[in-house]
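Descriptive structure summary
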Amino acid sequence: MKATGIVRRIDDLGRIVIPKEIRRTMRIHEGDPLEIFTESNGTVIFKKYSPIGELGEFATQYAESLSKSTGLPACITDKDNIIAVSGVPKKELREKKISGDLEKIMNSKSVYTASPGSKNIQIADENDKYEAGVVAPIVFEGDSIGTVIFIAEPTSKVGEVESKLAETAAGFLGKTME
């Protein structure tokens, strides 16, 4: 755990304000759910809640199935991080923060399919090696909570079939949250 040096007081209603700098860095927005953990030594930890992250092993198996059926690398993200990867080395992408461009696609709630001449969409902030071929937002109760992605490869082309498959997978994962 890293100390920030910021101290806040609890108000008379039991509220505490999370500083803007921390909210920006951690991508915490108004209405985002937070999990609260306590430890016996008095430590209180706030963690962004990820409904997709709760699917952990299932998401990994689902990404593997998508990758095997299409021959393309696939990954599944929550709102902030890549949580499941198949078809590329997991250590290069798993648990990495998603890129700002990917976040914009997710928030648009519409499927993105790369086309020749279109802007390259990096998947992870820290890794410019992988680009999105297809991105389908996972929507639950009207909010985007993650994405299903097919990673673009120079030797293969993504098209309508991959787009529909990603959209179907995202729809299924959204329904699984219910």
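Above this text you will find the structure in question.
Residues numbered from 1 in each chain as written. Predicted model: local features only at pLDDT ≥ 70, side-chain atom pairs only at ≥ 80, totals over all residues. Heavy atoms only, no water.

Quick word on the environment of Leu 66
- Residue placement: Leu 66 occurs in helix 2 (residues 56-70).
- Sequence separation of Leu 66 and Ser 50 is 16 residues, and the distance between their C-alpha atoms is 22 Å.
- Dropping the residues within four chain positions of it, Leu 66 is found in contact with Ala 74, Val 148, Phe 150, Leu 165 and Ala 169. (Helix = DSSP H or I, 4+ residues; strand = E, 2+ residues; numbered from the N terminus. Contact = heavy atoms within 4.5 Å.)

Comments concerning the packing of aromatic side chains
- The full count for this structure, using the stated rule, is 3 aromatic pairs.
- Between the aromatic rings of Phe 58 and Phe 172, the centroid separation amounts to 6.2 Å while the plane-to-plane angle is 45°, which identifies the pairing as tilted. Residue Phe 58 is found in helix 2, and its partner Phe 172 is found in helix 5 (residues 160-176); the two are separated by 114 residues along the sequence.
- Here Phe 172 falls in the partly exposed class, since its relative accessible area comes to 41%. (Phe/Tyr/Trp six-rings, centres within 6.5 Å; stacked < 30°, edge-to-face > 60°. Buried < 20%, exposed > 50% of the residue type's maximum accessible area, 1.4 Å probe, protein only.)

Things to note about the nonpolar core
- Core analysis: the largest hydrophobic core is formed by 23 residues, its most contacted members being Ile 52, Ile 76, Ile 138, Val 148 and Phe 150.
- The set of elements that each furnish at least two residues to this core consists of helix 2, strand 3 (74-78), strand 4 (82-86), strand 7 (127-140), strand 8 (143-151) and helix 5.
- Each residue touching Ile 76, except ones within four places of it in the same chain, is listed here: Ile 52, Ala 59, Tyr 62, Ala 63, Ile 82, Ile 83, Ala 84, Ile 138, Thr 147, Val 148 and Leu 173.
- Membership of the second largest hydrophobic core comes to 18 residues, among which are Leu 93, Ile 98, Ile 121 and Val 135. (Core = buried A, V, L, I, M, F, W, Y, C linked by side-chain atoms within 4.5 Å.)

Remarks on the packing of helix 2 against helix 5
- Look at helix 2 against helix 5: their axes get within 12 Å of each other, and the N-to-C directions meet at 165°. Between helix 2 and helix 5, the angle is such that the two are roughly antiparallel. As helix 2 packs across helix 5, the resulting crossing turns out to be right-handed. Along its contact with helix 2, which presents Phe 58, Tyr 62, Leu 66, Ser 69 and Thr 70, the element helix 5 presents Leu 165, Ala 169, Phe 172 and Leu 173.
- Per-class residue counts for the contact of helix 2 with helix 5 are 7 nonpolar, 2 polar and no charged. (Axes fitted to C-alpha atoms, helices over the stretch in contact; angles between N-to-C directions. Parallel < 35°, antiparallel > 145°, perpendicular 65-115°, else oblique. Left-handed = near helix turned anticlockwise from the far one by under 90°. Nonpolar A, V, L, I, M, F, W, Y, C, P; charged D, E, K, R; others polar.)

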